[in-house]
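# Structure assessment
Here is what each chain is made of, one letter per residue.
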Amino acid sequence: MVNLTRIYTRTGDDGTTALGDFSRTPKTDPRLAAYADANEANACLGVAIAAGGLREDVRATLLRIQNELFDVGADLCMPLRETYDYPPLRVQQPWIDDLEADCDRYLAELEPLRSFILPGGSAGAAYLHVATTVVRRAERATWAALEHYGTDAGTERGEGGVNPLTATYLNRLSDLLFVLARVANLPGGDVLWQPGGGRVAAPER
């Protein structure tokens, strides 16, 4: 049960913040960067849903993903331990399987890509392309946290590791969001990349 009775606490004024296990860490911690980027990705999806004019099935898929991204952040902010007083939220393989199933289902609606595409087209597609790039950044930040903390329940410094399925989830999510950005441009289609900026070659002298 979440009970937020006050937004500001002043406890972070020293440059630290609390993790899910109530330990404190610098705000420059790679673990914190990972779940902050996941939170930013969630905000991008909120904009896409609110302003993108998306199909109802796409909106429903994105709303489910928003809830899962909150859970990804909860996982990233809770160091791995051998035991817990209360089992924390952890990303599970079935979540990733669902993303792959979504990718296959929506991709079946699309023509095969024979060119790179530009972010744009409809508002919904543009917002989803932005969300895709933020999710990819969140994945990179998660890999940085994994490199720093590992995947064990404790390190030599006593910090717990990071669940590697969080990075896998974000990797697969970026694929799905790219597909959904293309779906958002139906029936008009993608905005294709023109090598060289579309410039006409200068005539030979």
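I will try to describe carefully the structure that is included in this document. (Residues numbered from 1 in each chain as written. Predicted model: local features only at pLDDT ≥ 70, side-chain atom pairs only at ≥ 80, totals over all residues. Heavy atoms only, no water.)

### Structural notes on the packing of helix α2 (residues 56–76) against helix α3 (residues 93–107)
- At a minimum axis separation of 12 Å, α2 and α3 run at an interaxial angle of 160 degrees. Between α2 and α3, the angle falls in the class roughly antiparallel. Here the hand of the crossing between α2 and α3 comes out left-handed. Judged by residue contacts, Asp-57, Val-58, Thr-61, Arg-64, Ile-65, Glu-68 and Asp-71 of α2 engage Trp-95, Asp-98, Leu-99, Asp-102, Arg-105 and Tyr-106 from α3.
- Taken together, the residues of the contact of α2 with α3 sort by class into 5 nonpolar, 1 polar and 7 charged. (Axes fitted to C-alpha atoms, helices over the stretch in contact; angles between N-to-C directions. Helix = DSSP H or I, 4+ residues; strand = E, 2+ residues; numbered from the N terminus. Parallel < 35°, antiparallel > 145°, perpendicular 65-115°, else oblique. Left-handed = near helix turned anticlockwise from the far one by under 90°. Contact = heavy atoms within 4.5 Å. Nonpolar A, V, L, I, M, F, W, Y, C, P; charged D, E, K, R; others polar.)

### Focus: unusual backbone geometry
- At the junction of Leu-186 and Pro-187, the peptide bond is cis and its omega measures out at 0 degrees in the coordinates.
- Locating Pro-187 in the fold gives a position in the loop between α5 (165–183) and β4 (191–192).

### Overview of α5
- Between its first and last C-alpha atoms α5 spans 27 Å; for 19 residues at 1.5 Å apiece the expected length is 27 Å, and the two agree.
- Counting buried residues in α5 gives 14 out of 19 residues, a clear majority hidden from the surface. (Expected span 1.5 Å × (residues − 1). Buried < 20%, exposed > 50% of the residue type's maximum accessible area, 1.4 Å probe, protein only.)

### Notes on the pattern of salt bridges
- Applying the stated criterion to the full structure yields 11 salt bridges.
- Between Asp-37 and Arg-137 there is a salt bridge, with its nearest N and O atoms 3.0 Å apart. Here Asp-37 is found in helix α1 (residues 30–51), whereas its partner Arg-137 is found in helix α4 (residues 123–149), with 100 residues between them in sequence.
- In this structure, the salt-bridge partner of Arg-55 is Glu-109, at a minimum N-O distance of 2.8 Å. In this pair, Arg-55 is assigned in the loop between α1 and α2 and Glu-109 in the loop between α3 and β3 (117–118), connecting sequence segments 54 residues apart. (Salt bridge = Lys/Arg side-chain N within 4 Å of Asp/Glu carboxyl O.)

### Some points on the side chain of Asp-75
- Mapped onto the elements, Asp-75 comes out in helix α2.
- A distance of 2.6 Å separates a polar atom in the side chain of Asp-75 from a polar atom in the side chain of Arg-90.
- A polar contact is formed between the side chain of Asp-75 and the side chain of Asn-163, at a distance of 2.8 Å.
- Residue contacts for Asp-75: discarding those within four places in its chain leaves Leu-89, Arg-90, Val-91, Asn-163 and Thr-166. (Polar contact = N/O pair within 3.5 Å; in protein donor to acceptor, adjacent residues only side chain to side chain.)

### Observations regarding the nonpolar core
- Counting residues in hydrophobic clusters, the biggest one holds 45 residues, and the most contacted among them are Leu-62, Ile-65, Leu-128, Tyr-169 and Leu-177.
- Counting only elements with at least two residues in this core, the list comes to α1, α2, α3, α4 and α5.
- Not counting residues within four places of it along the chain, the set of residues in contact with Leu-177 comprises Leu-45, Leu-62, Leu-128, Ala-131, Thr-132 and Val-135. (Core = buried A, V, L, I, M, F, W, Y, C linked by side-chain atoms within 4.5 Å.)

### Description of the packing of aromatic side chains
- Inspection of every chain in the model, using the stated rule, returns 2 aromatic pairs.
- Aromatic pair Trp-95 and Tyr-169: ring centres 6.4 Å apart, planes at 80 degrees, arrangement edge-to-face. Of this pair, Trp-95 sits in helix α3 while Tyr-169 sits in helix α5, and the two are 74 residues apart along the sequence.
- With relative accessibility at 17%, the residue Trp-95 sits in the buried group. (Phe/Tyr/Trp six-rings, centres within 6.5 Å; stacked < 30°, edge-to-face > 60°.)

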